[in-house]
Amino acid sequence: MPKQTTLYRYLTGPDDASFCHRVSEALSRGWELYGHPTLTYDATSGRVICGQAIIKDVDRAYEPGLDLGKQ
């Protein structure tokens, strides 16, 4: 039986609907929110940037080349 691994991703993007859709898609694929969302202001672009950590337990050993976006 493969070792269970907790995968971690940190999603970032402009504070808009596309960011919310990315987080929603990840949640629908079994990822879970991890911690509180973060916000920062990018003065160069003049917009707010969001960040949200997400985690997911998988039944496989961790590999550095693992494509986390496809999990």
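Computed from a prediction, not measured in an experiment: that's the story for all the values here.

I'd like a description of the nonpolar core, backed by residues and values.
Listed in full, the ten residues of the largest apolar core are Leu7, Leu11, Phe19, Val23, Ala26, Trp31, Cys50, Ile54, Val58 and Leu66. Secondary structure elements with two or more residues in this core: strand 1 (4-14), helix 1 (17-28) and strand 3 (47-59). Sequence-distant contacts of Cys50, that is, excluding residues within four places in its chain, are made with Leu11, Thr12, Gly13, Asp15, Phe19, Thr38 and Leu39.

Give me the lowdown on a nonpolar patch on the surface, citing residues and values where you can.
Where nonpolar side chains cluster on the molecular surface, the patch consists of Tyr8, Tyr10 and Tyr34 and spans about 350 Å² of accessible area. By the element assignment, Tyr10 lies in strand 1.

Mind laying out the environment of Asp57, listing which residues take part and the relevant values?
Mapped onto the elements of the fold, Asp57 is located in strand 3. Note: C-alpha distance between Asp57 and Gly30 (27 residues apart in sequence) is 8.7 Å. Contact partners of Asp57, with chain neighbours within four places excluded, come to Gln4, Thr5 and Thr6. Among the polar contacts made by the side chain of Asp57, one reaches the side chain of Thr6 at a distance of 2.5 Å.

Give a detailed account of the sheet that holds strand 3, specifying residues and quantitative values.
Strands sit in the order 1-3-2 across an open sheet of three strands; the sheet is antiparallel. A single partner strand is all that each edge strand has here, and the edge strands are strand 1 and strand 2 (32-42). Within the sheet, the average angular offset between the axes of one strand and its neighbour, ignoring direction, is 20 degrees. Two elements, strand 2 and strand 3, share eight bridges in a ladder whose sense is antiparallel. Bridging from a neighbouring strand, Glu32 pairs with Ile55 of strand 3.

Reading the values: the criteria
Residues numbered from 1 in each chain as written. Predicted model: local features only at pLDDT ≥ 70, side-chain atom pairs only at ≥ 80, totals over all residues. Heavy atoms only, no water. Core = buried A, V, L, I, M, F, W, Y, C linked by side-chain atoms within 4.5 Å. Buried < 20%, exposed > 50% of the residue type's maximum accessible area, 1.4 Å probe, protein only. Helix = DSSP H or I, 4+ residues; strand = E, 2+ residues; numbered from the N terminus. Contact = heavy atoms within 4.5 Å. Patch = residues over 30% accessible without salt bridge, like charges linked within 9 Å, V, L, I, M, F, W, Y side chains within 5 Å. Areas by Shrake-Rupley, 256 points an atom, 1.4 Å probe, with all protein chains shown as cover. Salt bridge = Lys/Arg side-chain N within 4 Å of Asp/Glu carboxyl O. Polar contact = N/O pair within 3.5 Å; in protein donor to acceptor, adjacent residues only side chain to side chain. Pairing = 2+ DSSP bridges. Axes fitted to C-alpha atoms, helices over the stretch in contact; angles between N-to-C directions.

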